[in-house]
Amino acid sequence: MSDIYPQATKALAQRRSELAPEIEAAFRQFSQAVFRDGALPGKTKQLIAVAVAHVTQCPYCIKGHTRAARRQGATPEELMEAIWVAAEMRAGGAYAHSALALETIEESSDR
């Protein structure tokens, strides 16, 4: 990856598990349950995860869920569209929250 993010390794995963084995096991069970086919198929869930990973800006999640989405049959085009949805939502949030700044501007102008 880079100097900022350590490479994800089996050794790091093992260390996390050693330090909190019950929590690690619970997290793995939770993750497996979340990504199982249900009302949404696994591929759709992985596309959602790729989009969310771009919003949260987690490089490990981006790489891992992109790989998982591909294994589930997601195409490069589907992945890119999911990423664009994430970009629009992030931009949309900034646009929507401008109402707070506009309200504050008006309040300070009234003084």
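Located above this text is the structure these notes cover.
Residues numbered from 1 in each chain as written. Predicted model: local features only at pLDDT ≥ 70, side-chain atom pairs only at ≥ 80, totals over all residues. Heavy atoms only, no water.

## Quick word on the overall build of the protein chain
Within the protein chain, the regular secondary structure consists of 5 helices and 0 strands. Here the C-alpha radius of gyration of the protein chain, 19 Å, is well above what a compact globule of 111 residues would show, namely 13 Å. Taken along the three principal axes of its C-alpha coordinates, the protein chain extends 60 × 35 × 30 Å. Burial status across the protein chain gives 17% buried among its 111 residues. (Helix = DSSP H or I, 4+ residues; strand = E, 2+ residues; numbered from the N terminus. Rg over C-alpha atoms; globule rule 2.2 N^0.38 Å. Buried < 20%, exposed > 50% of the residue type's maximum accessible area, 1.4 Å probe, protein only.)

## Digging into the pattern of salt bridges
One pass over the structure, following the stated rule, counts 3 salt bridges. With a closest N to O distance of 3.5 Å, E18 and R15 form a salt bridge. Note that E18 and R15 are positioned in helix 1 (residues 10-19) at a spacing of 3 residues, about one turn of the helix. Under the relative-accessibility criterion, E18 is labelled partly exposed at 47%. Of the residues examined, R15 reaches a relative accessible area of 46% and is grouped as partly exposed. The salt bridge involving R28 is made with E24; its shortest N-O contact spans 3.0 Å. Here E24 and R28 lie together in helix 2 (residues 21-35), a separation of 4 residues that amounts to about one turn. (Salt bridge = Lys/Arg side-chain N within 4 Å of Asp/Glu carboxyl O.)

## Some words on unusual backbone geometry
At Q57, a position not held by glycine, the phi torsion is positive, near 60°. Here Q57 is to be found in the loop between helix 3 (42-56) and helix 4 (59-71). Overall, Q57 belongs to the exposed group, its relative accessible area being 52%.

## A closer look at the nonpolar core
Counting residues in each nonpolar core, the largest one holds 8 residues, listed as L47, V50, A51, A69, A74, L79, A82 and A86. Elements with a minimum of two residues in this core: helix 3 and helix 5 (76-109). The residues contacting L47, other than those within four sequence positions of it, are A74, E78, L79 and A82. (Core = buried A, V, L, I, M, F, W, Y, C linked by side-chain atoms within 4.5 Å. Contact = heavy atoms within 4.5 Å.)

## Focus: the layout of surface pockets
One number sums up the size of the largest pocket: a volume of about 1,000 Å³. The wall of the largest pocket is formed by 27 residues, among which R16, R28, Y60, G64 and H65 lie closest to the centre. Those elements that provide at least two residues to the lining of the largest pocket are helix 1, helix 2, helix 3 and helix 4. Of the residues in the lining of the largest pocket, the class split is 13 nonpolar, 7 polar and 7 charged. (1 Å grid on protein atoms, 1.4 Å probe; cavity = no way out; pocket = protein on both sides within 12 Å on 5 of 7 lines; lining within 4 Å. Points joined across faces, edges and corners; volume = space filled by probe spheres on them. Nonpolar A, V, L, I, M, F, W, Y, C, P; charged D, E, K, R; others polar.)

## A closer look at helix 4
Counted at 1.5 Å a residue, the expected span for helix 4 with its 13 residues is 18 Å, and the 18 Å between its end C-alpha atoms agrees. Within helix 4 the residues assigned to the buried category are P59, H65, A68 and A69. Check the buried side of helix 4 and you find it contacts helix 2, helix 3 and helix 5. Looking at the residues trailing helix 4, positive phi occurs at G73, about 100°. (Expected span 1.5 Å × (residues − 1).)

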